[in-house]
Amino acid sequence: MDEATPAEELSFEAARDELEQVVQRLEDGSTSLEEALALWERGEALYRTCRSRLEAAEARIEKLAEALAEPPAPGGAQDSGIGPT
Amino acid sequence: MPNASSSEPAAVASERRVYTVANVNRGLARRVDELPALWVEGEIGDLRYNPKFGFTFLTLRDPDEGATLSVTMARWAFERIDPRPIEGQRVQVHGKVTLYDKRAEVSLRADRIEPAGDGALLARIEEARRRLDADGLFDPSRKRTPPLWPRGIGLIAGHEAAAPLDVIRNARARLRSARFVLAETAVQGDRAVPEIMRALAALDAREDVDVIVIARGGGSLEDLLPFSDEGLCRAIAGCSTVVVSAVGHERDVPLCDLVADQRASTPTDAARLIVPDARQELENVERLRSSARRCAERVVVRARERLEALAARPALRSADYWVISRREALGRLRGVLDGAPQRALAARSERAEQLVARLRAVAPQATLERGYAIVIDERGHAVRDAAAIAAGERVDLRLARGAAGARIEEVRTDG
């Protein structure tokens, strides 16, 4: 877990996985007061990152610009062994 | 035919070309033999197979026009056909037309019989399937899972088709921000395979596409044929990006389904494979956050409780606790000290009272009753001898009842 990375730069998976680790350490119950507060703060930041990813706005659909409708090369379809009867 | 009873000269009759039957038949046979081998399609009728005979016979019937053609085949060749052709089956037969010159009977000497219609297609698909399987392209260990959170989803589908729209809609219902890169291609017919392969290559090359979905609705075996194309399947297997095949309905299994990393039988299924369920993930994350908060709170509360427990201890309760307790102790000691003289005094007077009481107790009360008195001098001693007192001394007279104070007037020592 790299705690140096700002939470908002993490991917959703990374943030969520780290959040699980934070909870685990807190649940262990072996943290000092300072550690517990620091962990909780980090947990909140990770949580905010996860939330913003999940609630992101709808993205547009991009159409592939390449010309895909070129006529097939001669014999190209038959070479593969299956063709219409 | 010239009339036998005509009046034509014999010379005309001798110019007629007359053939023997054998000649005609042989000629026919030769002509027929010039025809190349060909494929003929029809339904099998009158199938006669006998393991004792060297040849198998059947009739090939044109179901539309009713024309028939006899077919013969070497028995060993017929036995090798798997599955065995049956009566009524629609087949394609390859062979040469021959004429049996003894009887001018035409038949097709067959070297191959294959199922026609769907059967033929299925057989070819099966051939391709075996080749792909032999190359290990169906191996489960090759299958990869799509990434949880794709940056971009490549979608190969037909123009204006329902299948891709369904996939997009279902994916967006799970994750609103799902981003698609759509490649529209032919999805049946001749152009499907090369177009799909080109789209595959283009999407695979893009860094921002993390999963590719090939989507096509249901269709006939022939419609879906391109998706069992061996070349296309090899291209799918060779993709570095994870490929999800969402082709046809549940019961259709085109070869691309077997070679892709994942197979989806419905658009909902495809959406589930390629994007996370945002609502579910949000619930999970909320739960984690609550746990984190509760745990942290517990730690804080415990620390505070311990602190307060310490603070409640008398030693810490007030700043001058020590002073006060010392002062209290001091006060108690003082009290003891202050009371000491009085107590001592009280104890002494108590003793004096006790002595007097004892004195009274031993004083001869009867004697006193008779009128005698005890004379006590200034020193507290009882006087028995007049010589012990002098004139002018005060004495105490103790009577049977009460006492009196007196001063000596004169002393007489004779008796």
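So, how was this worked out
- Residues numbered from 1 in each chain as written.
- Chains lettered and ligands numbered in written order.
- Predicted model: local features only at pLDDT ≥ 70, side-chain atom pairs only at ≥ 80, totals over all residues.
- Heavy atoms only, no water.
- Axes fitted to C-alpha atoms, helices over the stretch in contact; angles between N-to-C directions.
- Helix = DSSP H or I, 4+ residues; strand = E, 2+ residues; numbered from the N terminus.
- Parallel < 35°, antiparallel > 145°, perpendicular 65-115°, else oblique.
- Left-handed = near helix turned anticlockwise from the far one by under 90°.
- Contact = heavy atoms within 4.5 Å.
- Buried < 20%, exposed > 50% of the residue type's maximum accessible area, 1.4 Å probe, protein only.
- Salt bridge = Lys/Arg side-chain N within 4 Å of Asp/Glu carboxyl O.
- Pairing = 2+ DSSP bridges.
- Expected span 1.5 Å × (residues − 1).
- Phe/Tyr/Trp six-rings, centres within 6.5 Å; stacked < 30°, edge-to-face > 60°.
- Lys NZ or Arg CZ within 6 Å of the ring centre and 35° of its normal.

Caption draft 1: Representation of the packing of helix α2 (residues 33-54) of chain A against helix α10 (residues 278-312) of chain B in the model. Look at α2(A) against α10(B): their axes get within 9 Å of each other, and the N-to-C directions meet at 165 degrees. One element, α2(A), and the other, α10(B), form an angle in the roughly antiparallel class. Crossing of α2(A) over α10(B) shows left-handed handedness. For the pair α2(A) and α10(B), the contacting residues are L33(A), A36(A), L37(A), W40(A), E44(A), Y47(A), C50(A), R51(A) and L54(A) in the first and A278(B), E281(B), L282(B), V285(B), E286(B), R289(B), A292(B), R293(B), A296(B), V299(B), V300(B) and A303(B) in the second.

Caption draft 2: Molecular detail of the environment of R109(B). Residue and element names in this part refer to chain B. Inspection of the secondary structure puts R109 in strand β5 (residues 105-115). Of the residues examined, R109 reaches a relative accessible area of 43% and is grouped as partly exposed. Between the C-alpha atom of R109 and that of V97, which follows or precedes it by 12 residues, the distance is 6.0 Å. Setting aside residues up to four positions removed in sequence, R109 forms contacts with F55, T72, H94, G95, K96 and T98.

Caption draft 3: Representation of the pattern of salt bridges. Residues and elements named next belong to chain A. As enumerated under the stated definition, the model contains 39 salt bridges over all chains in all. In this structure, R16 engages D17 in a salt bridge whose closest nitrogen and oxygen atoms are separated by 3.5 Å. Residue D17 is classed as partly exposed on the basis of its relative accessible area of 37%.

Caption draft 4: Inspection of the sheet that holds strand β8 (residues 211-216) of chain B at higher detail. If you trace the 6 strands from one edge of the open sheet to the other, you get β1(A)-β7(B)-β6(B)-β8(B)-β9(B)-β10(B), paired in parallel fashion. A single partner strand is all that each edge strand has here, and the edge strands are β1 (61-63) of chain A together with β10 (262-263) of chain B. Bridge count for β1(A) against strand β7 (residues 180-184) of chain B is 3 bridges, and the pairing is parallel. Bridged to K63(A) within β7(B) is L182(B).

Caption draft 5: Structural view of helix α5 (residues 162-174) of chain B. Helix length check: α5(B), at 13 residues, gives a terminal C-alpha distance of 19 Å against a target of 18 Å (1.5 Å per residue), a fit within 8%. The set of residues buried in α5(B) consists of A163(B), P164(B), V167(B), I168(B), N170(B), A171(B) and R172(B). If you follow the buried residues of α5(B), they end up packed against β1 of chain A together with β6 (153-157), β7, β8 and α9 (267-274) of chain B.

Caption draft 6: Focus on the packing of aromatic side chains. Residue and element names in this part refer to chain B. A full pass over the atoms with the stated rule returns 2 aromatic pairs over all chains. Residues Y49 and F78 carry aromatic rings whose centres are separated by 5.6 Å and whose planes lie at 35 degrees to one another, so their mutual orientation is tilted. Here the residue Y49 occupies a position in the loop between β1 (38-48) and β2 (55-61), and F78 occupies one in helix α3 (residues 75-79), the gap between them amounting to 29 residues. One residue, R84, lies across the ring of Y49, its end atom 5.0 Å from the ring centre.

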